[in-house]
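Okay, here's what each chain looks like letter by letter:
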Amino acid sequence: MKAGFPVGAAAFMLFSSAPTTLLSKMNEKELWSALSGKLKAIVDDNSYSIWIAPIKPVELTREKLILSVDNEFAQTWLQENYLPLMSQVLAAAFPNEKRGIVLQVTPSAENPLPPPEPPKPVVRQASPDKKAKSRCIGTLNENFTFDEFVVGPSNSWAHAAALAVAKKPGTAYNPLFIYGDTGIGKTHLMQAVGNRILERPGTTVAYISTETLLNEYVNAVQNNAALDFRNKYRGVDALLIDDIQFMGSGSKAGLQEEFFNTFNVLYTARKQIIITSDRPASEISGLEQRLVSRFNAGMATQIECPNFETRLAILRYKQSSVEKPLSEEIQTFIAENVKSNVRTLEGAMNRAMALRDFNPDEPLTIEKLRYILRDLLEKEKEGDLTLDEIQKIVSEFFNIKRTDLLSTDRMRSVAIPRQIAMYLSRRLTHASLLDIGSAFEKTHGTVVHACKQIQGSLSVDSDLRANVRSIVKKLGQDPDALEI
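Below is a short write-up of the structure. (Residues numbered from 1 in each chain as written. Predicted model: local features only at pLDDT ≥ 70, side-chain atom pairs only at ≥ 80, totals over all residues. Heavy atoms only, no water.)

### Focus: the pattern of salt bridges
Taken as a whole and assessed by the stated rule, the structure comprises 16 salt bridges. Residue Asp388 pairs with Arg402 through a salt bridge whose shortest N-O separation is 2.8 Å. Here Asp388, found in helix H20 (residues 387-397), pairs with Arg402, found in helix H21 (residues 402-405); they are 14 residues apart in sequence, far enough to count as distant. Judged by relative accessible area, which is 47%, Asp388 ranks as partly exposed. The exposure class of Arg402 is partly exposed, given its relative accessible area of 35%. For Glu396, the salt bridge identified is with Lys392, shortest N-O distance 2.9 Å. Highlighted residues: Glu396 and Lys392, both in helix H20, separated by four residues, approximately one helical turn. Each of Arg230, Arg234 and Glu258 takes part in a single network of salt bridges with overlapping partners. (Salt bridge = Lys/Arg side-chain N within 4 Å of Asp/Glu carboxyl O. Helix = DSSP H or I, 4+ residues; strand = E, 2+ residues; numbered from the N terminus. Buried < 20%, exposed > 50% of the residue type's maximum accessible area, 1.4 Å probe, protein only.)

### Topic: unusual backbone geometry
Geometrically, the link from Asn174 to Pro175 is a cis peptide bond, its omega value of 0 degrees lying close to zero. On the secondary structure map, Pro175 appears in the loop between helix H9 (156-167) and strand E5 (176-179). Although it is not a glycine, Asn399 adopts a positive phi angle of roughly 55 degrees. On the accessibility criterion, Asn399 (71% relative accessible area) is exposed. Although it is not a glycine, Glu441 sits at a positive phi angle of roughly 60 degrees. Following the sequence through the fold, Glu441 ends up in the loop between helix H23 (433-439) and helix H24 (444-458).

### Considerations on the packing of helix H15 (residues 308-319) against helix H16 (residues 328-337)
Two numbers describe how H15 lies on H16: the axes approach to 9 Å, and their chain directions differ by 135 degrees. One finds that H15 runs oblique with respect to H16. Pair H15 / H16 crosses with right-handed handedness. Counted together, Phe308, Arg311, Leu312, Leu315, Arg316 and Gln319 of H15 and Glu328, Gln331, Thr332, Ile334, Ala335 and Glu336 of H16 form the full contact between these two elements. (Axes fitted to C-alpha atoms, helices over the stretch in contact; angles between N-to-C directions. Parallel < 35°, antiparallel > 145°, perpendicular 65-115°, else oblique. Left-handed = near helix turned anticlockwise from the far one by under 90°. Contact = heavy atoms within 4.5 Å.)

### Description of the environment of Pro169
Looking at where Pro169 falls in the secondary structure, it is placed in the loop between H9 and E5. Assessed through its relative accessible area of 19%, Pro169 is described here as buried. The sequence separation of Pro169 and Asp237 amounts to 68 residues, and the corresponding C-alpha distance is 8.3 Å. In contact with Pro169, not counting residues within four places along its chain, are Ile197, Arg200, Arg270 and Gln272.

### Concerning empty space enclosed by the protein
Applying the stated criterion to the full structure yields one cavity of 30 Å³ or more. There is about 60 Å³ of room inside the largest cavity. Lining the largest cavity we find Leu213, Phe229, Tyr233, Leu239, Leu255, Glu258, Phe259 and Thr262. Looking at the lining of the largest cavity, the element that brings in the most residues is helix H13 (residues 253-268), giving four residues. For the lining of the largest cavity, a count of residues per class yields six nonpolar, one polar and one charged. (1 Å grid on protein atoms, 1.4 Å probe; cavity = no way out; pocket = protein on both sides within 12 Å on 5 of 7 lines; lining within 4 Å. Points joined across faces, edges and corners; volume = space filled by probe spheres on them. Nonpolar A, V, L, I, M, F, W, Y, C, P; charged D, E, K, R; others polar.)

### Examining the environment of Leu458
Tracing the backbone shows Leu458 in helix H24. For Leu458, a relative accessible area of 8% puts it in the buried group. As for Leu458 and Ile484, which are separated by 26 residues in sequence, their C-alpha atoms are 7.5 Å apart.

### Re the sheet that holds strand E1 (residues 56-60)
Strand pairing within a sheet occurs via backbone hydrogen bonds; the two strands may be parallel or antiparallel. Sheet architecture is open: three strands sit in the order E1-E2-E3, paired in mixed fashion. Whereas interior strands pair on both sides, the edge strands pair on one side only; in this sheet they are E1 and strand E3 (100-105). Shown here is a sheet whose adjacent strand axes are inclined to one another by a mean of 30 degrees, direction ignored. Across six bridges, the pairing between strand E2 (residues 64-69) and E3 is parallel. Looking across to E3, one finds that Leu67 is bridged to Leu103. In the packing of helix H3 (residues 28-42) onto the sheet, the strands contacted are E1, E2 and E3, and the crossing angle to E1 comes to about 130 degrees. (Pairing = 2+ DSSP bridges.)

Quick look at the structure:
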């Protein structure tokens, strides 16, 4: 019998052997012992051990039974999924009394979170035999390590969060949600954590893309292998999910339900969950709100497009390991002109090295490099909208002065265009939140608020959506590609 279904008759039968007068004389511990015993006969063993067994009785009055859990997540989950069942069983025990159940949060001092095993040098340089004791479901790139990740202003916070997770998986920042544009290091950072966790003997790490997860889920449903699918990912020490934004598009309600339950099992067991996305969880269209709240319950951190200094540092690091590095002039040219993402930056670097190696007798010049990179440079130029252009088009569309966007005027006729301009600056450029705030003479927090307001209203305000789509088209972009 599943929790959440009507069980009034079954609950009454389970308690019918105990006289009401006897039950009314119980204290909170005795009553909870009896109540939890009846719940154990109703719910499955795994659910009971995860959710019911950790509950502690606090107080019993004529009006209510007060129970305690260790954290707000457990409180919310129990209230949403098990409180109706618990109340029905209790009502069957006290048919003549109106006694409710109250769940409160009391962090446990007696049972604190277990400290992670401290990293030891012998583990970090593990022998093949010890390494074999760890297991990876999926494939991690062995080159995606913290040592190979170049840290700069655009990714320093995400790097620090990932490093903390690697040191204390399951206890520091769980889940860790990393978001940002394509090709700027999200997967590298996530897999760096996975590789570090695998250095601990006996651990299991699962890495999978959302697309692959969907395919596995569909096959499991078609082949009546749902249990195998669940067991595959619910027994790991760390679950790494790439490109979670694809879970929100299309009809994926079944997968979202399955992932929600898997998430809860791992979270309750204090296993680490790391997720990457190209946008914040709240901006993923079609993603259930309960998943959004779970993703935001831990640490959500953004990786932004690297600035010039970081791009140059990445090139210098990559070139430090080659026999014949590119000249400083060539590296600087690439860093100045390839701005969109790290993947494209490395592609430009590899082209430059190939051009030089194919013509060893001729020096590699800026003119030759500019020609060989002409397609990349043209794409960079095409996609490089400026904040000034966005402000200009938005102000013209709403027939207001551009200076109004920079003002403190809170009239709706100005505030909405300002928020739209900030939102589009965020979606259509590589500018950081600080850069956008500076361009609008506003704070970082104001930009964040504006983006959330517009994103949240697009699905419910048809006029707003039509206006934003029109502006996007005027800016030479495809609103459908941006899912607007």
